[in-house]
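Single-letter residue listing:
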Amino acid sequence: MPLKKYGKCIWMDGAMIDPAEATASVMSHVVHYGSGFFEGIRAYKTDKGAAIFRLDEHMARLYRSTRMYYVEIPYDCQTLTQAVIDTVKANSLDSCYIRPFVFLGTGWSALMPDSNLPIHTAISCWNLPSPSDNPKPIAAKVASYRRVSPSMTPMQAKAASNYMNSMLLKHEAKHNGFDEAIALDAQGRVSEASASNIFFVWGNEIHTPSLDCSILNGITRQSVIEFARDLGYKVVERGIARDELYTADEIFLTGTAAEIQSIGSVDRIAVGNGNYPVAAELTKLFLEVASGKSEKYAHWLTYVNA
Ligand code: PMP
């Protein structure tokens, strides 16, 4: 099968190689036990070529994710950050989704990896359309599976194994005719969607689950919180009850892939009056920043051709 979708080249373990060559053994630890850690980053088109959105924050989170699992990336952060820039450049894309991935390799004899088990790093990027180009509200469903509790596994780590839970959430939603799932945490509070954070609007207030609600601290979430405060909204991070899903004026999701995605209904109950002015206002500012049109947030962009 051609690997065209994954671009012209992938950076793997220090070299820029053909995607068809960027392979791992079926006996890799990651294949058997899910020991992979990754980031999802976007580069946006600007007047000065591709610019990567909040690259430093994404790379810092990648190192934090691996540290929580006692995995040490064999490159320093500066080297790997440069490798991300080089990969986007080498693929000649003016906007794309970027996926740095760290995983445990082969040579293990038991679950517990010994210190000489190879740790591999791969960086790929590909074209991913921006949902903001064609915004339309989606139908969401409260999932029957809960989001995993951080007392069981660190949910602040962007670990591949967490995505088995996400996959079940998404599968249940899709299987029942919805677009997306909203998971509750182990205590029954609203947590997040399968791969994005959730926000609620009531009048001039924007609320989002706090970090103790089994969420990944999304970089888009952090950006949207800053944008909302800039625009004069009061932003509150707290535990949110399930029934609040049915009382909000607006609900939207945030994520690197999803950007800012309005929810039109939850469990077939319409959200608000069907208008999404707050999500639209935030999306406008987000796209201005991402496309290099904001001075205030210029430091959030890394220009590939700088
Ligand atoms: N939660 C989960 C589980 C995710 O996978 C993602 C996507 N990385 C997010 C939230 C949103 O995070 P970010 O804004 O950093 O992409």
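Everything below is about the structure shown above.
Keep in mind that this is a model prediction, so the values were computed, not measured. (Residues numbered from 1 in each chain as written. Predicted model: local features only at pLDDT ≥ 70, side-chain atom pairs only at ≥ 80, totals over all residues. Heavy atoms only, no water.)

Novice: Help me understand helix α6 (residues 277–290) in this model?
Specialist: Think of an α-helix as turning once every 3.6 residues; residues three or four places apart then point the same way. The end-to-end C-alpha distance of α6 is 20 Å, a good match for the 20 Å that 14 residues give at a rise of 1.5 Å each. Among the residues making up α6, those that are buried are V278, A279, L282, T283, L285, F286, V289 and A290. G292 occupies a position one or two residues after α6 and carries a positive phi of about 80°. (Helix = DSSP H or I, 4+ residues; strand = E, 2+ residues; numbered from the N terminus. Expected span 1.5 Å × (residues − 1). Buried < 20%, exposed > 50% of the residue type's maximum accessible area, 1.4 Å probe, protein only.)

Novice: Sorry if this is basic, but what is going on with the environment of M59 here?
Specialist: Turning to its location among the elements, M59 is positioned in helix α2 (residues 55–67). M59 sits in the buried class, given a relative accessible area of 0%. Considered as a pair, M59 and P129 are 70 residues apart in the sequence and their alpha carbons are 23 Å apart.

Novice: Would you mind going over the nonpolar core with me for this structure?
Specialist: Within soluble globular proteins, side chains that are nonpolar generally end up buried alongside one another. In this structure, I52, L80, V88 and I98 are the most contacted members of the largest nonpolar core, which totals 28 residues. Elements that contribute at least two residues to this core include exactly β4 (41–46), β5 (49–53), α2, α3 (77–90), β6 (96–104) and β7 (119–126). With five residues, the top contributor of residues to this core is α3. Within the second largest apolar cluster, 26 residues are counted, among which are F199, A228, A279 and Y297. (Core = buried A, V, L, I, M, F, W, Y, C linked by side-chain atoms within 4.5 Å.)

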